[in-house]
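Architecture at a glance
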Amino acid sequence: MSRRTGILLLLLAGVMWSLSGIAVKLADAPPLWFAGLRSLGAALVLLPMALRNGGWPRGSVMGTCVVAHTVMVGTLIAAMTVGTAAQGILLQYVGPVVCALLGYALVGRTLRRNVRFGLIAAVVGVGVMVFADGVPSDFTPLLLGTASGLAYGSVIFLLERIDAVTDGPVDAFKIVLLNNAGSAAVLLPIAAGVDAMPGVAVTVFILGVGVVQMAIPYVLFQHGIRTVVPVAAALIVLIEPVLNPTLVWAFHGEAMTVGTIIGGTVLLFAAGLAATGREPATPPPAR
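What you are looking at is a predicted structure, and each value in this text was computed from that prediction instead of being measured. (Residues numbered from 1 in each chain as written. Predicted model: local features only at pLDDT ≥ 70, side-chain atom pairs only at ≥ 80, totals over all residues. Heavy atoms only, no water.)

**A word on the overall build of the protein**
Which entries qualify depends on this criterion: Helix and strand definitions here come from DSSP, where helices need a minimum of 4 consecutive H or I residues and strands a minimum of 2 consecutive E residues; each element is numbered from the N-terminal end. Burial here depends on accessible area, computed with a 1.4 Å probe over protein chains only, as a share of the maximum for the residue type. Under 20% is buried, over 50% is exposed, and the range in between is partly exposed.
When you go through the protein residue by residue, the secondary structure sums to 13 helices and 0 strands. Mapped in sequence order, the helices and strands of the protein form the string α-α-α-α-α-α-α-α-α-α-α-α-α. When burial is assessed residue by residue, the protein has 55% of its 287 residues classed as buried.

Laid out in structure tokens, this is it:
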């Protein structure tokens, strides 16, 4: 698969991920139930495809990825539930910085100049979107978004390492299945102890969201990062935090501030930077 195809897969994944904001608002369900049921829906649809022939990921790296994935989805949905879609999604995009630091510290990965500039632009864009319209009165969504961003950067780094530490590419369906099954197994029991389960219609809707907004885009992403280094991939999917609040504004009427619009433009610029140029040499995988 060419790098151009990988970039297209990443962009499509970002578009599909951006549906989370409007889905959260439409479901109006407790955040832990939403996150858990969404992961369950993704796991169920992936199960038959994952049982076909293909290698399973190595346990230690995959287990760490499941933990990071669970923290990521739980805190992100909570952030978008208690705050706006923009507040919830934006600080998740400290993820590319976290991914870059992990790659540098753990595997000695260097970054192209345009990716370094893209990281700087991404930080500026997020800062503008969060603080341009004044200091928020409630920092809860921002703290949850930051936690999700730290976990997101770890997930992106670990998804690439799963292939690197295994003899040959792992079946992407298996990776996404294990991440979502693990998240559902953790989040649903906690949700049951905190809130009443949503009604049948809402439950079916959230399970469907898991298929469209989790299962499919994560498989696309897993294939995309096989031709695009993780930090650049994380920057390319910055299209998500631009589309996410835009869709919520268009279909739910949630206001978009001037800071959101300006910062979103900067994020698109960061994504464009990451998608240009050639990849650097990748160091041998640490086993």
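**Some words on the pattern of salt bridges**
As a reminder, the rule being used: The term salt bridge refers to a pairing of a side-chain nitrogen on Lys or Arg with a carboxyl oxygen on Asp or Glu at a separation within 4 Å.
Counting across every chain of the model gives 3 salt bridges. The salt bridge involving Arg52 is made with Asp171; its shortest N-O contact spans 3.5 Å. Of this pair, Arg52 sits in the loop between α3 (31-50) and α4 (59-82) while Asp171 is found in the loop between α8 (140-164) and α9 (172-194), placing the two residues 119 residues apart along the sequence. Judged by relative accessible area, Arg52 falls into the partly exposed class, the value being 45%. With a relative accessible area of 11%, Asp171 lands in the buried category. The residue Lys174 makes a salt bridge to Asp171 at a minimum N-O spacing of 3.2 Å. The residues Lys174 and Asp171 share a single accessibility class, namely buried. A single network of salt bridges, built from pairs that share partners, joins Arg52, Asp171 and Lys174.

**Looking at a nonpolar patch on the surface**
Which entries qualify depends on this criterion: By definition, no residue in a patch forms a salt bridge, and every one has over 30% relative accessible area; like charges are joined within 9 Å, nonpolar side chains (Val, Leu, Ile, Met, Phe, Trp, Tyr) within 5 Å. Shrake-Rupley sampling with a 1.4 Å probe provides the accessible areas, and residues are treated as covered by the protein chains on show and by no other component.
Together, Leu47, Leu51 and Trp56 give the surface a local cluster of nonpolar side chains, amounting to about 330 Å² of exposed area. Structurally, Leu47 is set in helix α3. We classify Leu47 as partly exposed; its relative accessible area is 38%.

**Side note on helix α2 (residues 20-27)**
Taken across its 8 residues, α2 has 7 buried, putting it largely inside the fold. The set of residues buried in α2 consists of Ser20, Gly21, Ile22, Ala23, Val24, Lys25 and Ala27. Positive phi shows up at Asp28, right after α2, with a value of about 50°.

**Let's talk about the side chain of Glu160**
Heads up, the condition is: Contacts were defined at the residue level, with two residues in contact if any of their heavy atoms lie within 4.5 Å.
By the element assignment, Glu160 lies in helix α8. Given a relative accessible area of 13%, Glu160 falls into the buried group. Beyond its immediate chain neighbours, meaning those up to four positions away, Glu160 contacts Arg109, Ile225 and Pro230.

**Points about the packing of α4 against α8**
The cut-off we apply is this: For helices, the fitted line uses only the C-alpha atoms of the stretch in contact; every axis is such a line through C-alpha atoms, and the angle between N-to-C directions lies from 0 to 180 degrees. Note on angle classes: values under 35 degrees are labelled roughly parallel, values over 145 roughly antiparallel, values of 65 to 115 roughly perpendicular, and the remainder oblique. Each crossing gets its handedness from the near helix: less than a right angle anticlockwise from the far helix is left-handed, clockwise is right-handed.
Between α4 and α8, the shortest axis-to-axis distance is 7 Å and the interhelical angle comes to 150°. Classified by the angle between their axes, α4 and α8 sit roughly antiparallel to one another. Note that α4 runs across α8; the crossing there is left-handed.

**Concerning the environment of Val15**
Along the chain, Val15 turns up in helix α1 (residues 3-17). On a C-alpha basis, the gap between Val15 and Pro217 in space is 8.5 Å, while along the polypeptide they are 202 residues apart. Leaving out residues up to four positions away in the same chain, Val15 has contacts with Ile239 and Leu243.

**Quick word on unusual backbone geometry**
Phi is positive for Asp28, close to 50°, though the residue is something other than glycine. Along the chain, Asp28 falls in the loop between α2 and α3.

**Considerations on α9**
Rule in force here: By this rule, a helix spans an expected 1.5 Å times one less than how many residues it contains. Any pair of N or O atoms that falls within 3.5 Å is considered a polar contact. Within protein, one atom must be able to donate a hydrogen and the other to accept it, and sequence-neighbouring residues count only if both atoms are side-chain atoms.
Under the 1.5 Å per step criterion, the end-to-end length of α9 is 33 Å for 23 residues, consistent within 8% with the ideal 33 Å. Of the residues flanking the start of α9, the one acting as N-cap is Asp171, its side-chain oxygen 3.2 Å from the backbone nitrogen of Phe173.

**So, the packing of helix α6 (residues 95-107) against α8**
Our working rule: In the scheme used here, Gly and all other residues not listed as nonpolar or charged are polar, with Ala, Val, Leu, Ile, Met, Phe, Trp, Tyr, Cys and Pro taken as nonpolar and Asp, Glu, Lys and Arg as charged.
Remark: α6 packs on α8, axes separated minimally by 7 Å, with the N-to-C direction vectors making an angle of 45°. One finds that α6 runs oblique with respect to α8. Judged by the sense of rotation from one axis to the other, the crossing of α6 with α8 is right-handed. On α8, the residues that touch Gly95, Pro96, Val98, Cys99, Leu102, Gly103, Leu106 and Val107 of α6 are Gly149, Leu150, Tyr152, Gly153, Ser154, Ile156, Phe157 and Arg161. Class assignment for the residues of the contact of α6 with α8 results in 10 nonpolar, 5 polar and 1 charged.

Just distances and angles here, no functional claims.
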